[in-house]
Amino acid sequence: MDSRRCQCKYCGMKMSAPIGAQTISCPRCQSVTQLQPPRNNNGFANGVINNVMTAVNTGFSARPGRMNPNANNSRPQQFNMSPQISMRPPAVHGRKRAVLCGITYRGHSKSLKGSINDVLSMRYLLVQKLGFPNASVLVLTEDEKDPCKIPTKGNIRSALRWLVHGCQPGDSLVFHYSGHGTRVRDRDGDEVDGHDESLCPVDFETEGRILDDEINHTIVRPLPRGATLHGIIDTCFSGTFLDLPFMCRINRAGYFMWEDHRISTYKGTRGGTAISISACDDHQNSGDTTAFTGFPTGALTYSFIKTLEQETKLTYGRLLMSMHNKIHEAQKGVGMNGANETQEPQLSASEQFDIHSKMVAL
């Protein structure tokens, strides 16, 4: 069935509506948006012209992370901005702050479909459900009109510095990333598996990636005692994306153990707590899927949000198991099989704790 792009009037969620539909209900906030008839270049309604898009086929597609930084035959979307421009972060408001970064890599051969939806969903959860001030949630996507909020390497770096600037005991910080991730050879000997993980900014082909070493140095190490950071990382090869000292391994029965990833470099905090909830292990791919709602979302982001919305008194152990079950059902529902299609959500932390006793508190 032919469909067209539309946007929730209330929360901003991007959706696909059947041609001819007069209203659409948002699957995130349940609000009903009145749709305007599509128009042709002469201003007359026409249901089969530029506003039409092909309906997304239901499925669970991998987010391949091995992108060539030197590729020149399929570049990401170029933005009209000087390389010298860096982000002007907003003033810090409140004790709860978040940086939400979603990148689709428009025009690239490995573009993604669900990243901006992920960010809009996360912003709705934080502001409407968890009490984060709207002014304290910094969003970086290719849809932002302010060029300083496009997810370039320089803007992402500035946003991460803003997130922890002036951090005090009692602060709750969130970094959510939805986009491509890659693995590169570790050159300083601080990785158990011999590889650093990295995120790919929209301009990664010209400016390069941001390694997990830098992410850890920027937002993990400055955390003072009494402050908490949660990383929600929806990308491939993301198990140790924040480079935290301890990795939790849990089986389907709920039994868990901690792996010590400390080698030679200190990866912890100044006394605060850092916890990363990531889409998959360092050797796995994550996925976009339409199986949950009919429109593209990251499997990790969706399962994380739905679990927080549906369950009270949630422990980290229960969160991990619930996300695993939701993703497994999505994979099974579209008939996926094979080792490369396995996606196991992971938890890493700056300290070891009982995941079945410690409560999730953002």
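Just so it is clear, the structure is predicted and the values come from calculations on it, not from any experiment.

Student: Sorry, what's going on with the overall build of the protein chain here?
Tutor: Each helix and strand in the protein chain was counted, giving six helices and 19 strands. Residues classed as buried in the protein chain amount to 53% of the 362 residues present. Pairs at least 24 apart in sequence give 71% of the contacts found in the protein chain among residues at least 6 apart.

Student: Could you clarify how one ought to interpret the pairing of strand 14 (residues 246-250) in this entry?
Tutor: Both faces of the sheet carry side chains from a regular strand, because those side chains alternate between them. The pairing of strand 14 with strand 15 (residues 256-260) spans five bridges and is classified as antiparallel. Paired with M247 across the strands is E259, a residue of strand 15. Where strand 14 folds back onto strand 15 in an antiparallel hairpin, the turn is made up of five residues, including G254, whose phi is positive at roughly 95°.

Student: Hey, could you run me through the pairing of strand 10 (residues 181-185) in this one?
Tutor: For strand 10, the buried fraction is high: four of the five residues fall into the buried class. Pairing of strand 10 with strand 11 (residues 195-199), which is carried by five bridges, proceeds in the antiparallel orientation. Residue R183 lies in a different strand from strand 11, and its bridge partner there is E197.

Student: Looking at this structure, how should I read helix 4 (residues 212-220)?
Tutor: Three or four residues apart is the spacing at which side chains of an α-helix point the same way, because the helix has 3.6 residues per turn. Among the nine residues in helix 4, seven count as buried, and that is most of the element. Turning to helix 4, its buried residues number three or more, namely D212, D213, I215, N216, T218, I219 and V220. Considering only its buried residues, helix 4 is in contact with helix 2 (153-164), strand 9 (172-178), strand 11, strand 12 (210-211), strand 13 (228-234) and strand 16 (273-278).

Student: Just checking my understanding: could you explain unusual backbone geometry for this structure?
Tutor: For residues besides glycine, phi is generally negative; the peptide bonds are generally trans as well. Its identity as a non-glycine residue notwithstanding, Y105 has a phi of 60°, on the positive side. Its place among the elements puts Y105 in the loop between strand 7 (96-102) and helix 1 (115-129). What makes Y105 buried here is its relative accessible area of 0%. You will see that K313, though not glycine, has its phi angle at about 50°, which is positive. Following the sequence through the fold, K313 ends up in the loop between helix 5 (299-310) and helix 6 (316-333).

Student: How should the packing of helix 2 against helix 4 be read in this particular structure?
Tutor: The description of two helices packed together rests on the angle between their axes and the distance between the axes. Put simply, helix 2 and helix 4 touch, their axes get as near as 8 Å, and they point 30° apart. It follows from the interaxial angle that helix 2 and helix 4 lie roughly parallel. Residues R157, L160, R161, L163 and V164 of helix 2 touch helix 4, and the partners they reach there are E214, T218 and I219. Residue composition of the contact of helix 2 with helix 4, grouped by class: four nonpolar, one polar and three charged.

Student: For this particular structure, what's the right way to read the sheet that holds strand 7?
Tutor: Adjacent strands of a sheet pair through backbone hydrogen bonds, lying either parallel or antiparallel. Taken in spatial order, the eight strands make up an open sheet running 8-7-9-13-16-19-14-15, and their pairing is mixed. One side of each edge strand has no neighbouring strand; the edge strands of this open sheet are strand 8 (137-140) and strand 15. Each strand axis lies, on average, 15° off the axis of its neighbour in the sheet, ignoring direction. Pairing geometry for strand 16 and strand 19 (residues 346-349), over four bridges, is antiparallel. Opposite I277, over in strand 19, you have L347 as the bridge partner. Set on the sheet, helix 5 makes contact with strand 9, strand 13 and strand 16; between it and strand 13 the angle comes to about 135°.

Student: Would you mind showing me how to read the environment of D143 here?
Tutor: Along the chain, D143 falls in the loop between strand 8 and helix 2. For D143, a relative accessible area of 28% translates into the label partly exposed. In sequence terms D143 and I116 are 27 residues apart; their C-alpha atoms lie 8.1 Å from each other. D143 has contacts with K14, R106 and I116, leaving out every residue within four places of it along the chain.

Student: How do you make sense of the nonpolar core when you look at a structure like this?
Tutor: As a rule of thumb, nonpolar side chains are buried together in soluble globular proteins. Ranked by size, the top nonpolar core spans 34 residues in total, and within it F175, Y177, I219 and L229 carry the most contacts. With six residues, the single largest contributor to this core is helix 2. Sequence-distant contacts of Y177, that is, excluding residues within four places in its chain, are made with C101, I103, Y105, L199, C200, I232, I233, D234, T235 and F241.

Student: Mind showing me how you'd approach the environment of S16 here?
Tutor: Position of S16 relative to the elements: it lies in strand 2 (residues 14-18). On the basis of relative accessibility, which here comes to 31%, the residue S16 falls in the partly exposed class.

Student: Would you mind showing me how to read the side chain of K153 here?
Tutor: Here K153 lies in helix 2. Although K153 is buried, it forms no salt bridge, and the closest oppositely charged side chain is E214 at an N-O distance of 5.6 Å. Separated by 3.0 Å, the side chain of K153 and the backbone oxygen of E207 make a polar contact. Contact partners of K153, with chain neighbours within four places excluded, come to P201, D203, E207, G208, R209 and I210.

Student: What's the story with the packing of helix 1 against helix 5 in this structure? I'm lost.
Tutor: One can describe the packing of helix 1 onto helix 5 by two numbers: an axis separation of 10 Å at closest approach and a directional angle of 20°. Here helix 1 is positioned roughly parallel relative to helix 5, judged by the angle of their axes. Of the two elements, helix 1 crosses helix 5, and the hand of that crossing is left-handed. Counted together, D118, S121, M122, L125 and K129 of helix 1 and T301, F304, I305, L308 and E309 of helix 5 form the full contact between these two elements. For the contact of helix 1 with helix 5, the residue count by class is five nonpolar, two polar and three charged.

Definitions and cut-offs
Within each chain, residue numbers correspond to sequence positions counted from 1 in written order. A pLDDT threshold of at least 70 governs which residues receive local features in this predicted model, and a stricter bar of 80 or more applies before side-chain atom pairs are shown or counted, although totals over entire chains, interfaces and linings include all residues. To obtain the side-chain values, all non-hydrogen atoms of the structure were included, while hydrogens and water were left out. Going along the chain from the N terminus, every DSSP run of H or I of four or more residues is numbered as a helix, and every run of E of two or more is numbered as a strand. Working definition: with a 1.4 Å probe on protein chains only, accessible area under 20% of the residue-type maximum means buried, over 50% means exposed, and in between means partly exposed. By the convention used here, residues are in contact when the closest approach between their heavy atoms is within 4.5 Å. When DSSP finds two or more bridges between two strands, those strands count as paired. Only C-alpha atoms enter the line fits that serve as axes; for helices the fit covers just the stretch in contact. Angles between N-to-C directions range over 0 to 180 degrees. Oblique is the label for every angle not falling under 35 degrees (roughly parallel), over 145 degrees (roughly antiparallel), or within 65 to 115 degrees (roughly perpendicular). By the convention adopted, Pro, Cys, Tyr, Trp, Phe, Met, Ile, Leu, Val and Ala count as nonpolar, Lys, Arg, Asp and Glu as charged, and the other residues, Gly among them, as polar. Side-chain atoms within 4.5 Å link the members of a nonpolar core, which is a set of buried Ala, Val, Leu, Ile, Met, Phe, Trp, Tyr and Cys residues. We score Asp and Glu as negative and Lys and Arg as positive, and we do not count His or the chain ends. By definition here, a salt bridge exists when the distance from a side-chain nitrogen of Lys or Arg to a carboxyl oxygen of Asp or Glu is within 4 Å. In the analysis that follows, any N or O atom pair within 3.5 Å is treated as a polar contact, provided that within protein one partner can donate a hydrogen and the other can accept it, and provided that, for residues neighboring in sequence, both atoms belong to side chains. Helix crossings fall into two classes, left-handed where the near helix is turned counterclockwise from the far one by less than a right angle and right-handed where it is turned clockwise.

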